[in-house]
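Structural characterization, general
Each chain is listed here by its residues.
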Amino acid sequence: MLVEHFVEPDFLVNVANSRRNYEDFLREFSRQSPRVIGKLQKFSDFRTKTLLVQGDQATEDEHTMLLEILNFIEEKCLVDRDSGIDDSKNFFENCVLAHRQCPSHIFCLNEKIEESVDGVNMLFSADLNNGIQTLANQKLVQKDLVKMAEVAVDFLRLSSYIYFVDPYFSHRRNMLLPMLMFLKLCSANSPVNNKTITILVKDRPAQPSAQYLLDAITKHVEFSAGGIKSLSIKTLLEKPDGEAFHNRYMISDLGALLWGIGLDERHSEVNDDVVMLNEELFTKRYEQYCELQAFDVADSATIMF
């Protein structure tokens, strides 16, 4: 449920040439939008190139908007891919090479080209005159493994770190199999290496230990870590008068997905609403679950790969 863009510096300069385009861009690449931007090179190099393209003749407002866009990208929606730029090739050719290494979705280019690339849409500077189309940030998903994988795959493979928040996760088959699938999706066709994965579970009576749950994933069922650096399981205690631990999320550096029913597999006729959280809710849930401001750790176990 993420859509990765490769953005040419000249395209970004054109975004900053218009207040409307600037506002459209910030809205459409916000936390609650599925749009994200792939890093093809060090972001400091991309920033320098983009500012050089804009040059000294830009107005103060245009320069300020471009700086704010660059800061926004680096902070909010940057996929930590580093495919590298071949200076002997143009930007489009570099996009094609990066896409062939690990799939992307949209190339944002300054000049219109006629050449097509399988699986990729094109967005050109001239298209900005019509505004940036809003993409859906909510999907109705059947609760079977195939459909659950379809909605989560890009979110998981493009993120650098992921927190799976499921108070009732256990070693039972209907919960273990989806989690194994999600973990495999984290590294399959991913441009991001050394991912850290954390599973957060509610501490409750008769709850298996964190180590037992970790063993169920890594030993009892065949599991390949792929590009995962570490996998941790933590059981959490609710603080007095604090947040109740009952919702299910996937939280990462690129946003957060709320799963209305849960991360377990059910009968295929059961549907679930999967929604990307807005900035306010993302920040709140990140503080509560990732920074553990609302919970205490009762038990934990970690494996390094």
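That block above? That's the structure.
Scope of this entry: the structure provided in the associated data block. None of these values were measured; they are calculated from a predicted model.

1. Comments concerning the side chain of Asp272
By the secondary structure assignment, Asp272 is in strand S12 (residues 271-276). For Asp272, the contacting residues outside a window of four places in its chain are Lys139, Leu140, Val141, Lys143, Trp259, Gly260, Ile261 and Gly262.

2. Observations concerning the sheet that holds strand S1 (residues 3-7)
Pairing between the strands of a sheet comes from backbone hydrogen bonds, and it takes one of two forms, parallel or antiparallel. On the basis of which strands lie adjacent, the open sheet formed by five strands has the order S3-S2-S1-S4-S5 and parallel pairing. The sheet is open, and its two borders are formed by strand S3 (78-79) and strand S5 (121-124), each paired with just one other strand. Relative to strand S4 (residues 106-109), helix H5 (residues 91-101) is tilted by about 165 degrees, and along the sheet it contacts S1, S4 and S5.

3. A look at the state of the cysteines
Per the counting criterion, the structure on display carries zero disulfides. We note that Cys290 lacks a disulfide partner, and the nearest cysteine sulfur, in Cys186, lies 14 Å from it.

4. Structural notes on the nonpolar core
Counting 72 residues, the largest nonpolar core has Leu156, Phe164, Phe182, Ile217, Met250 and Trp259 as its most contacted members. Take this core: its biggest share by element is nine residues, from helix H7 (residues 173-187). Leave out the neighbours within four places in its chain, and Leu156 touches Ile162, Phe164, Phe182, Leu185, Cys186, Lys195 and Met250. In terms of nonpolar packing, the next biggest core, distinct from the first, is built from 15 residues, Val165, Leu236, Tyr249 and Tyr289 among them.

5. Notes on the sheet that holds strand S13 (residues 295-304)
The strand order across the open sheet built from eight strands is S6-S12-S11-S10-S7-S8-S9-S13, with neighbouring strands paired in mixed fashion. The two strands at the open ends of the sheet, each matched to only one other strand, are strand S6 (138-142) and S13. Put simply, the sheet's adjacent strands are angled 20 degrees from each other on average, direction ignored. Packed on one face of the sheet, H7 meets strand S7 (161-165), strand S8 (195-202), strand S9 (228-238), strand S10 (248-252) and strand S11 (255-259) and runs near 170 degrees to S7.

6. Observations regarding the pairing of S10
Sheet faces and side chains relate simply in a regular strand, where the side chains alternate between the two faces. Burial analysis of S10 places five of its five residues in the buried class, the great majority of the element. The two faces of S10 match: Arg248, Met250 and Ser252 on one face and Tyr249 and Ile251 on the other face are all buried. Two strands pair when backbone bridges link them, and S7 and S10 are joined in this way by four bridges, in the antiparallel orientation. Looking across to S10, one finds that Val165 is bridged to Tyr249. Hairpin remark: S10 followed by S11, antiparallel, with two residues in the connecting loop.

7. What about the packing of aromatic side chains?
Applying the stated rule across the entire model yields 12 aromatic pairs. Arranged with centres 6.0 Å apart and planes meeting at 20 degrees, the rings of Phe164 and Phe182 form a pair that is stacked. Here the residue Phe164 occupies a position in strand S7, and Phe182 occupies one in helix H7, the gap between them amounting to 18 residues. Of the two residues, Phe164 and Phe182, both sit in the buried class. Summarising the aromatic geometry, the rings of Phe245 and Tyr289 are spaced 5.4 Å apart at their centres and angled 55 degrees between planes, so their arrangement reads as tilted. Here the residue Phe245 occupies a position in the loop between S9 and S10, and Tyr289 occupies one in helix H9 (residues 279-290), the gap between them amounting to 44 residues. Classification of Phe245 by relative accessible area gives buried; the value is 0%.

8. Concerning the environment of Ala206
Within the element layout of this structure, Ala206 appears in the loop between S8 and helix H8 (210-218). Judged by its relative accessible area of 82%, Ala206 falls in the exposed class. Taking C-alpha positions, Ala206 is 34 Å from Leu254, a pair spaced 48 residues apart along the chain.

9. Quick notes on the pattern of salt bridges
Note that side chains of opposite charge can pair when their charged atoms are close. Enumeration according to the criterion identifies 20 salt bridges in this entry. For Lys76, the salt bridge goes to Glu75, with nearest N and O atoms at 3.5 Å. A salt bridge links Asp215 to Lys219; the shortest N-O distance between them is 3.9 Å. Using a relative accessible area of 16% as the deciding quantity, one classes Asp215 as buried. Among the residues examined, Lys219 registers a relative accessible area of 63% and is labelled exposed. A single salt-bridge network, built from bridges that share partners, covers Asp24, Arg27, Glu28 and Arg35.

Conventions adopted
- Residues numbered from 1 in each chain as written.
- Predicted model: local features only at pLDDT ≥ 70, side-chain atom pairs only at ≥ 80, totals over all residues.
- Heavy atoms only, no water.
- Helix = DSSP H or I, 4+ residues; strand = E, 2+ residues; numbered from the N terminus.
- Contact = heavy atoms within 4.5 Å.
- Pairing = 2+ DSSP bridges.
- Axes fitted to C-alpha atoms, helices over the stretch in contact; angles between N-to-C directions.
- Disulfide = S-S within 2.5 Å.
- Core = buried A, V, L, I, M, F, W, Y, C linked by side-chain atoms within 4.5 Å.
- Buried < 20%, exposed > 50% of the residue type's maximum accessible area, 1.4 Å probe, protein only.
- Phe/Tyr/Trp six-rings, centres within 6.5 Å; stacked < 30°, edge-to-face > 60°.
- Salt bridge = Lys/Arg side-chain N within 4 Å of Asp/Glu carboxyl O.

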